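# Structural characterization, general
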Amino acid sequence: MTSDQLQHIAIIMDGNGRWAQKRGLPRSAGHKKGAETLQEVVRAAGELGIKYLTLYAFSTENWQRDAEEVEGLMNLLRQYLKSELKEIQEKGVRIIFIGELHMLAADIVSQMDKIEHDTAKNDKMTLCIALSYGSRQEIVSAAQKIASLAQKGDIRIEDIDIKMFSDMLYTKDIPDPDLVIRTSGEQRISNYLLWQIAYSELFFTPTLWPDFNKQELEKIIEDFNHRERRYGKV
Ligand code: IPE
Ligand code: IPE
Ligand code: MG
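Residues numbered from 1 in each chain as written. Chains lettered and ligands numbered in written order. Predicted model: local features only at pLDDT ≥ 70, side-chain atom pairs only at ≥ 80, totals over all residues. Heavy atoms only, no water.

## Looking at the sheet that holds strand β6 (residues 201-204)
Threshold: Strand pairing is defined by DSSP finding a minimum of two bridges between the two strands. Working definition: helices are DSSP H or I runs of at least four residues, strands are E runs of at least two. Numbering for both runs from the N terminus. Only the stretch in contact is used when a helix axis is fitted, and all axes are lines through C-alpha atoms; the angle between N-to-C directions ranges over 0 to 180 degrees. In this analysis, two residues are considered to be in contact whenever any of their non-hydrogen atoms come within 4.5 Å of each other.
What the six strands build is an open sheet, ordered β3-β4-β2-β1-β5-β6; its pairing is parallel. In this open sheet, the two edge strands, each paired with only one partner strand, are β3 (93-98) and β6. The mean angle between the axes of side-by-side strands here comes to 20°, regardless of whether they run parallel or antiparallel. As paired elements, strand β2 (residues 52-59) and strand β4 (residues 125-133) share seven bridges and run parallel to each other. Bridging from a neighbouring strand, Leu55 pairs with Ile129 of β4. Strand contacts of helix α2 (residues 27-47): β1 (8-12), β2 and β4, with the helix running at about 165° to β2, the strand carrying the most contacts.

Here it is, written out as structure tokens:
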């Protein structure tokens, strides 16, 4: 199903709140259903032979939402981290987390560390979860690391290049996304992987995240397979 061209899919999982609102339910109901979609899509990606799947679960800007919504999302995350590990292990999935992880509660951070550690040797698929993630902050942190190395005399200014910069990002171990999908009809990037998506194909679907499924993922992959990526060449 997937081609050699499609190793990495990155998804902006958006529209949980509107899904709930349409049904007269609290936003938390949308997040709960969204978490089920997440599980289905992780499973589907593995079945479709996707090597890397990066999911935008919570942005640095999302901290500004009501305390109640943030707390609800953090509790869902706690549940997910507890319940998913077994299936993830069985399926040979490696999990990594990217973002301003120090902003998360200590119990969540230690659970994440454990999962990263326990799944580190799995090689069927890498699931990268962007949590408390903001791409501008990621880029600023990379610049700080490089500046510090230069100040100590460990690198020369002339040594700074695209490869070195990429290696300072949270995503240093994974290839750039080939395809970015955003659900919910919004056509924006919302501070997601700004550096990494320089040449990614973009796909915007009106489907709200809780309604997204394997079938739609397959259709989008089919669309991707018909695109021509030129990278500036003719
Ligand atoms: C995406 O759904 C989940 C998160 C950002 C955590 P939203 O919560 O943004 O849902 P909408 O966009 O308000 O519908
Ligand atoms: C982007 O969705 C972040 C996640 C999906 C985690 P938002 O709902 O936060 O984005 P905006 O506010 O519509 O740009
Ligand atoms: Mg949204």
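## Concerning the packing of aromatic side chains
To describe a pair of aromatic rings, one takes the distance between the centres and the angle between the planes. Applied cut-off: In this analysis, rings of Phe, Tyr and Trp, with Trp reduced to its six-membered ring, are considered paired at centre separations within 6.5 Å, and the interplanar angle assigns stacked below 30 degrees, edge-to-face beyond 60, and tilted for intermediate values. Each residue is assigned to one of three classes by its accessible area relative to the maximum for its type, calculated with a 1.4 Å probe on protein chains only: buried under 20%, partly exposed between the two thresholds, exposed over 50%.
In this structure the tally under the stated criterion is seven aromatic pairs. Measuring from centroid to centroid gives 4.3 Å for Tyr56 and Tyr192, while their planes differ by 5°, and the two rings are stacked. Pair noted here: Tyr56 is in strand β2 and Tyr192 is in the loop between β5 (179-182) and β6, with a separation of 136 residues, a long-range link. For the residue pair Tyr56 and Tyr192, the accessibility class agrees, reading buried in each case.

## Details of the side chain of Ser132
To keep things clear, this is the line we draw: Under this definition, polar contacts are N or O atom pairs within 3.5 Å; protein pairs additionally need one hydrogen-donor-capable and one acceptor-capable atom, and for neighbouring residues in sequence, both atoms have to be side-chain atoms.
By secondary structure assignment, the location of Ser132 is in strand β4. According to the relative accessible area criterion, Ser132 is buried, its value standing at 0%. Here Trp63 takes part through its side chain, which lies 2.9 Å from a polar atom of the side chain of Ser132. Not counting residues up to four positions away in its chain, the partners in contact with Ser132 are Phe58, Ser59, Thr60, Trp63, Gly99, Glu100, Met103 and Leu104.

## Some points on the environment of Lys114
You can see Lys114 is positioned in helix α4 (residues 106-119). Lys114 sits 34 residues away from Ser148 along the chain, and the two C-alpha atoms are 29 Å apart.

## Topic: the site of ligand 2
The criterion, for reference: If a single non-hydrogen atom of a residue is within 4 Å of a molecule or strand, that residue counts as near it. Per-residue accessibility takes into account occlusion by the displayed protein chains alone, with areas from the Shrake-Rupley method and a 1.4 Å probe. Side-chain classes are defined by residue name, with Ala, Val, Leu, Ile, Met, Phe, Trp, Tyr, Cys and Pro counting as nonpolar, Asp, Glu, Lys and Arg as charged, and the others, Gly among them, as polar.
Around ligand 2, a shell composed of Ile12, Met13, Asp14, Tyr56, Ala57, Phe58, Asn62, Arg65, Arg182, Arg188 and Ser190 is seen. In the model, an oxygen atom of ligand 2 is placed 3.2 Å from a nitrogen or oxygen of the Asp14 side chain. Within the contact set of ligand 2, an oxygen atom lies 2.6 Å away from a side-chain nitrogen or oxygen of Ser190. Compared with its free state, where it exposes 390 Å², ligand 2 has 78% of that area covered by protein. Here the shell around ligand 2 takes three residues from β2, the largest share from any one element. Counted by class, the shell around ligand 2 contains five nonpolar, two polar and four charged residues.

## Overview of the packing of helix α3 (residues 67-90) against α4
Our working rule: Working rule for angles: under 35 degrees goes down as roughly parallel, over 145 as roughly antiparallel, 65 to 115 as roughly perpendicular, anything else as oblique. The sense of a crossing depends on the near helix, which, turned anticlockwise from the far helix by less than a right angle, makes the crossing left-handed and, turned clockwise, makes it right-handed.
Packing of α3 against α4 brings their axes to within 11 Å, and their N-to-C directions diverge by 15°. Taken together, α3 and α4 sit at an angle that is classed as roughly parallel. Of the two possible hands of crossing, α3 and α4 adopt the one that is left-handed. Two secondary-structure elements touch here, α3 through Met74, Leu77, Arg78, Leu81, Lys82, Leu85, Ile88 and Gln89 and α4 through Asp107, Ile108, Gln111, Met112, Ile115, Asp118 and Thr119. In the contact of α3 with α4, the residues fall into eight nonpolar, three polar and four charged.

## Looking at the pattern of salt bridges
Side-chain pairs of opposite charge can arise whenever the charged atoms involved come near each other. To keep things clear, this is the line we draw: We define a salt bridge as a contact between a side-chain nitrogen of Lys or Arg and a carboxyl oxygen of Asp or Glu at a distance within 4 Å.
Enumeration according to the criterion identifies 21 salt bridges in this entry. The shortest N-O distance in the salt bridge between Arg227 and Asp223 comes to 2.9 Å. For Arg227, a relative accessible area of 27% puts it in the partly exposed group. Note that Arg230 and Glu228 form a salt bridge whose closest N and O atoms lie 3.0 Å from each other. On the basis of relative accessibility, which here comes to 56%, the residue Glu228 falls in the exposed class. Members of the salt-bridge network, linked through shared partners, are Asp14, Arg18, Arg182, Glu186 and Arg188.

Taken by themselves, the reported measurements are silent on function.
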